[in-house]
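# Per-entry structural report
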Amino acid sequence: MSAVNPSTALAQVLVDTLVRLGVRHAVLCPGSRSSALAYALAAADPQPAAAGKPGLRLHVRIDERTAGFLALGLAKETGVPAVVVTTSGTAVANLHPAVLEAAHAGVPLIVLSADRPHELRGTGANQTTDQVKLFGDAVRLFAEIPAPDALTGQERAWRNTLSRAVAAALGTLGGRPGPVQVNVGFREPLIPDDEDPHDEDPPFLPPDPDAVPPPGLTRVRNAGAGEPVWLPDGPRTVVLAGDGAGPVAAEVAAGGGWPLLAEPSSGARRGQLAVGPYRLLLDRPGLGADIERVVVFGRPTLSRPVSRLLARPDVEVVVVSPRPDWSDAAGRAALVVPAARSVREHPDLAPPAGPDDPRGDWLDWLDRWLAADRVAAAAVDAVLDAEEAAGRCCGPLIARELAAALGPGEVLVAGASNSVRDLDLAARPFPEPAPALEAVVVLANRGLAGIDGTLSTACGVALARAADGRPLPVRALLGDLTFVHDASGLLSGPAERRPQVQVVLLDDDGGGIFGLLEPGARAGRGPGDEAVFERVFATPSGADLPALCAAVGAAYTSVGDPAGLRRALAEPASGVSVLHLRVDRQDHRALAGRIADAVRSALDAAGL
């Protein structure tokens, strides 16, 4: 694609992706802004001279309203999404009747609307209007591809967007086929350059289930009738459980004999295969560096090592999600399925186990991860024990102690900033609950990962549990900014039921997470950097937290050290109470470095 201009490249990639995803009919209305798409569609059209050549059969109409209904008929007959392509302006609006019919009839239809670059919106530019979500709730999905300026690795994102659009149109996940709109910006030049090789075969290739798809192109499979897709044996695999993954992630890991990398709020961070400080192992040779396949459940959002893993070109990503808005931030998922199991669990397909296993090293792979987990967890514990011995209090240490104090059936609500990450690093996975006992539950607002509303969420969980006859208090772990942000959530009127919530409040007087990010690395490099960091990132509030607790009716206890926390957690809790611990924000970055160094040294010494 480097030999063509950005608009031409974008159009060719979009048409090529549609072909690879099985789309076979496109209806085009003439227009200027859609010129690049017109050339690409014409090149892909299987003319008689190229019989048997894969491509989109192109149909050209001059009226967008009739074009929309022509595409509707094509989709009705084939059951495959048909594409209708228009230029910008009123051309797109003329598709509305067909879009509404497709929405109510459940017909898969893809509107590919060409648009002006975003900077021309609202300027009075010719044939420019707001095409964003023009069809409102009638479409199953709206997506937008901005006009590209240069060819710098955007192809993956373009293919990923169309993969989601085709899946949404088909209702492959979610069961609601219907229309979708993909609004595509094009910047001049809108036609191929003179030197572009138009007379050569374009890069349209037949779908090949055995071939490695281009990055960003995702195949979505409906398991059908509740049957799982059986994941083949072979690649060195890990199961990654993000927020809301549920216990099925742990079941799949156990069935395949695969290491389980589970975030605290995944609902799967338990059992013998769960790896605690996994994020410190993902760059390790022989461990994370050797991963060949990741099976993803839920929404993994906590750590950059995980993001780097999912973006690696040498790793196959399989997403298991029944939702049409599956999680694939890197755009590298090769396969999305609503349910999956390991082929090792299949009564007929399972390979032999033990020494005759043709795979040979799968047990070594699992054993290596579990051994590394033991070594790394011990190294993390040693650093945290040293912090306590030195009289220092820190987030990972408090998170470890709180998690260890949780009993069967208890719920912990974690703040979305440092608190849930401290749990992810330092808290050991929970054991499988004994028969007739409920598992420990960890919750966090990771949908958008904001700090707002955390206390109110914890109160809602507590009130719901009390209404169901489960009066155990809900515990919450959060920082001072999260607490101040939602302290009013602890207020309730005299006629209202009071929740049973115990808050473990880590007070570092500011946004401690920024000390671990790029602004924290820059602070102190030059004159005034530290002051700027404190003002615009750390944002210390200086709030009188004991007075704030009194104002909202929360029982307040100042806790001086982890031992005091352990004693306080062992005492019965009632109503709304706050255990307040002060920590040193200035040491966050150095502590993270000490933990990483200790884990690295321990693994080196163990030969892992």
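It should be noted that the structure appears before, not after, this text.
Cut-off values and rules
- Residues numbered from 1 in each chain as written.
- Predicted model: local features only at pLDDT ≥ 70, side-chain atom pairs only at ≥ 80, totals over all residues.
- Heavy atoms only, no water.
- Helix = DSSP H or I, 4+ residues; strand = E, 2+ residues; numbered from the N terminus.
- Rg over C-alpha atoms; globule rule 2.2 N^0.38 Å.
- Buried < 20%, exposed > 50% of the residue type's maximum accessible area, 1.4 Å probe, protein only.
- Contact = heavy atoms within 4.5 Å.
- Areas by Shrake-Rupley, 256 points an atom, 1.4 Å probe, with all protein chains shown as cover.
- Lys, Arg positive; Asp, Glu negative; His and termini not counted.
- Charge placed at Lys NZ, Arg CZ, Asp CG, Glu CD.
- Phe/Tyr/Trp six-rings, centres within 6.5 Å; stacked < 30°, edge-to-face > 60°.
- Pairing = 2+ DSSP bridges.
- Axes fitted to C-alpha atoms, helices over the stretch in contact; angles between N-to-C directions.
- Core = buried A, V, L, I, M, F, W, Y, C linked by side-chain atoms within 4.5 Å.
- Expected span 1.5 Å × (residues − 1).
- Polar contact = N/O pair within 3.5 Å; in protein donor to acceptor, adjacent residues only side chain to side chain.

## Considering the overall build of the protein
For the protein, the helix and strand inventory stands at 18 helices and 20 strands. Against the compact-globule benchmark of 25 Å for 608 residues, the protein has a radius of gyration of 28 Å, which places it among compact chains. If you line up the protein on its principal axes, its C-alpha atoms span 80 × 65 × 55 Å. Within the protein, the fraction of its 608 residues that count as buried is 52%. Considering only contacts in the protein between residues 6 or more positions apart, those separated by 24 or more positions represent 75%. For the protein, the computed accessible surface area is about 26000 Å², with 54% contributed by carbon and sulfur atoms. A distance of 2 Å separates the average location of the 56 positive side-chain charges in the protein from that of its 72 negative side-chain charges.

## Some remarks on the packing of aromatic side chains
All told, the structure shown has three aromatic pairs when counted by the stated rule. Summarising the aromatic geometry, the rings of W365 and W369 are spaced 5.9 Å apart at their centres and angled 75° between planes, so their arrangement reads as edge-to-face. Here W365 pairs with W369, and both are found in helix α9 (residues 362–389), just four residues apart, close to one helical turn. Seen in terms of ring centroids, F514 and F537 are 5.7 Å apart; in terms of plane orientation they differ by 50°. Their pairing is tilted. Of this pair, F514 sits in the loop between β18 (501–507) and α14 (518–522) while F537 sits in helix α15 (residues 529–538), and the two are 23 residues apart along the sequence.

## Remarks on the sheet that holds strand β6 (residues 179–185)
Judged by pairing direction, the sheet is parallel, and its six strands sit side by side in the order β2-β1-β3-β4-β6-β5 without closing on themselves. Across the chains shown, the open sheet's two edge strands, defined by having one partner strand only, are β2 (57–60) and β5 (141–145). Each neighbouring strand pair of the sheet contributes to a mean axis angle of 20°, computed without reference to strand direction. By the bridge criterion, five bridges tie strand β3 (residues 82–86) to strand β4 (residues 109–115) in an arrangement that is parallel. Bridged to V84 within β4 is V111. Against the sheet, helix α1 (residues 6–20) engages β3, β4, β5 and β6, with an angle of about 160° to β6.

## Regarding the nonpolar core
Formed by 41 residues in total, the largest nonpolar core has its most connected members in L261, L281, L282, I291, V294, W369 and I595. Mapped by element, the contributors of at least two residues to this core are β9 (237–241), β11 (293–297), α8 (304–311), β12 (316–320), β13 (333–337), α9, α11 (418–426) and α18 (588–606). At nine residues, the largest contribution of residues to this core is made by α9. Not counting chain neighbours up to four residues away, the residues in contact with I595 comprise L280, V380, V383, L384 and L425. Counting residues in each nonpolar core, the second largest holds 36 residues, with V19, L112, I145 and A168 among its members.

## Topic: α1
The terminal C-alpha atoms of α1 lie 21 Å apart, and with 15 residues this matches the ideal 21 Å at 1.5 Å per residue to within 8%. Taken across its 15 residues, α1 has 14 buried, putting it largely inside the fold. For α1, the capping residue at the N-terminal end is N5, with a side-chain oxygen 3.3 Å from the backbone nitrogen of S7. Just downstream of α1, G22 is the residue with a positive phi angle, here 95°.

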